[in-house]
Amino acid sequence: MGPPVLLLVEEETKSWKKMINVAVSGAAGMISNHLLFKLASGEVFGPDQPIALKLLGSERSFEALEGVAMELEDSLYPLLREVSIGIDPYEVFEDADWALLIGAKPRGPGMERADLLDINGQIFAEQGKALNAVASPNVKVMVVGNPCNTNALICLKNAPNIPAKNFHALTRLDENRAKCQLALKAGVFYDKVSNVTIWGNHSTTQVPDFLNAKIHGIPVPEVIRDRKWLEEDFTQMVQTRGGALIKKWGRSSAASTAVSVVDAIRSLVTPTPEGDWFSTGVYTSGNPYGIAEGIVFSMPCRSNGDGDYEFVKDVIFDDYLRKKIKKSEDELLAEKKCVAHLTGEGIAVCDLPEDTMLPGEV
C-alpha cells in the first residue's frame, strides 16, 4: 500500500478524540472526489475528531488515486492525520472503523440486471471477506455502489464476524429528494419537513412515504391536500430523479450523493432530534413492520449518536403504503435469490420482475 503520507501537524491536540480510520472504496470516482474533502474537514465526524483516510482504488484508477491523495495533502486539513492508498482491500481495510463502499461497476449498454448483480456481487463478496478479516470488529459499513441493497446483503453475508446491523445501504439521497419535493409543493423551507421515510429498495420500486411525513409537525396529507399528486407525481418524481438528472447532466449525481453520505453518517454519530427519524437500508432481522427477514431494506431509524440505531415503532400504514412496500420487498427477495451463489445460500435463480434498477456512478 506504500507508506502512509503523514501530514506535518504532529503535536496531538489535547482535547481531540482518538483517531478513527475511514476506508473509502471507489476513492478515485466523482462521488469520492466530493466526499473525501468533507470527511477531512471535520464536517462529518466533528471538529475534534482526527481521521486517517484509507483509499481503495483499482489498478486502472491508481494514478488518479495518487492525484486524490496529493490534493488531500495539499489542503492541509488539521484533522486529517494520514492518507494511504492501495488496491488490495485486505490492506486498505485494516483496522477500519468506517468503510464507505462507493466503488461499483456501472451498468453497460445491453447489460442484464442479473449480470450487474453478479459482477458487483463478486466485488462486494470480496470486500465483505476483507472487512471480516482485517477491519475493526465493530466497523460500520455504508454501501453506496449500486445495486446497493443487495450489494450490502452480499457484503454482510461474507462478513459473519461483524454484526449484520452494522451494514447500511444508502437511501438518504432518496430521502433528501423527497424532502425537497414536499417542501417545494408546500411552499416551505426544507427544514420544516420531517419524518420522511424511504421504504425498500434503492430502485424505482422505492416507496417515499408521505403518510408518516410531517410539515411543521402536521401530517403531510393534511398540509398537501392532493392525494393524487402525492401518490403519482411526487412518488414518481422521487423514484426517477436520478435518471432525470443524468439526462440533464450527462452523468449520474455525484455532489448530492456525497452530501447524502455525509447526512447518513451524521445521523448515526449525532442523536436524532426528538420525534424525528431518518431512512437507511438495513438488515430486516427483528424489524417491527412485518417485512421479510433476511434482506436489506430501507426503513425508518433513530440513533442516540453512538453509531448504532433502532427501528422506529410509531409509524402508521394504510393499504396503499402496504401494497407499495410489498412490491419493493418482492423485488429484493428476487434479487436475493439471484445472488444466492454469493451469499452462501446455494444456487442462484434469477427471476427478476421488471427493470427497475437505478443508474450507478459512471
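Located above this text is the structure these notes cover.
Computed from a prediction, not measured in an experiment: that's the story for all the values here.

1. Some thoughts on helix 8 (residues 227-249)
An ideal rise of 1.5 Å per residue puts 33 Å on 23 residues; helix 8 measures up with 31 Å between its terminal C-alpha atoms. At Thr240, helix 8 is deflected by roughly 60°, the largest bend along its length. Here helix 8 has its buried residues at Trp229, Leu230, Phe234, Thr235, Val238, Gln239 and Gly242. Buried residues along helix 8 sit in contact with helix 6 (172-186), strand 9 (197-199), strand 10 (207-209), helix 7 (220-223) and helix 10 (319-338). One or two residues past the end of helix 8 sits Gly250, with phi positive at roughly 85°.

2. Points about the pattern of salt bridges
Using the criterion set out here, one finds 13 salt bridges in the structure. In this structure, Glu345 engages Lys157 in a salt bridge whose closest nitrogen and oxygen atoms are separated by 3.5 Å. Here Glu345 is found in the segment after helix 11 (340-343), whereas its partner Lys157 is found in helix 5 (residues 148-157), with 188 residues between them in sequence. In this structure, Asp174 engages Arg177 in a salt bridge whose closest nitrogen and oxygen atoms are separated by 4.0 Å. Of the two residues, Asp174 and Arg177 both sit in helix 6, three residues apart, roughly one turn of that helix. The buried category is assigned to Arg177, whose relative accessible area is 11%.

3. As for the layout of surface pockets
Of the voids in this model, the largest pocket is the one considered here, and its volume is about 680 Å³. The wall of the largest pocket is formed by 24 residues, among which Gly26, Ser58, Arg60, Gly103 and Ala104 lie closest to the centre. Residues that form the lining of the largest pocket fall into these classes: 12 nonpolar, eight polar and four charged. Roughly 300 Å³ of internal volume is contained in the second largest pocket. Every residue lining the second largest pocket is counted, 15 residues in all, and those nearest its centre are Ile20, Phe45, Trp98, Val269 and Asp306.

4. A few points about unusual backbone geometry
The omega angle of the peptide bond from Asn146 to Pro147 is -5°, so this bond is cis rather than trans. Within the fold, Pro147 resides in the loop between strand 6 (140-143) and helix 5. At Asp95, a residue that is not glycine, the phi angle is positive and equals roughly 60°. Looking at where Asp95 falls in the secondary structure, it is placed in the loop between helix 3 (89-92) and strand 5 (98-101). Asp95 sits in the partly exposed class, given a relative accessible area of 46%. Even without glycine at this site, His216 takes up a positive phi of about 55°.

Reading guide: rules and limits
- Residues numbered from 1 in each chain as written.
- Predicted model: local features only at pLDDT ≥ 70, side-chain atom pairs only at ≥ 80, totals over all residues.
- Heavy atoms only, no water.
- Helix = DSSP H or I, 4+ residues; strand = E, 2+ residues; numbered from the N terminus.
- Expected span 1.5 Å × (residues − 1).
- Bend = angle between axes of the 7 residues up to and from the residue.
- Buried < 20%, exposed > 50% of the residue type's maximum accessible area, 1.4 Å probe, protein only.
- Contact = heavy atoms within 4.5 Å.
- Salt bridge = Lys/Arg side-chain N within 4 Å of Asp/Glu carboxyl O.
- 1 Å grid on protein atoms, 1.4 Å probe; cavity = no way out; pocket = protein on both sides within 12 Å on 5 of 7 lines; lining within 4 Å.
- Points joined across faces, edges and corners; volume = space filled by probe spheres on them.
- Nonpolar A, V, L, I, M, F, W, Y, C, P; charged D, E, K, R; others polar.

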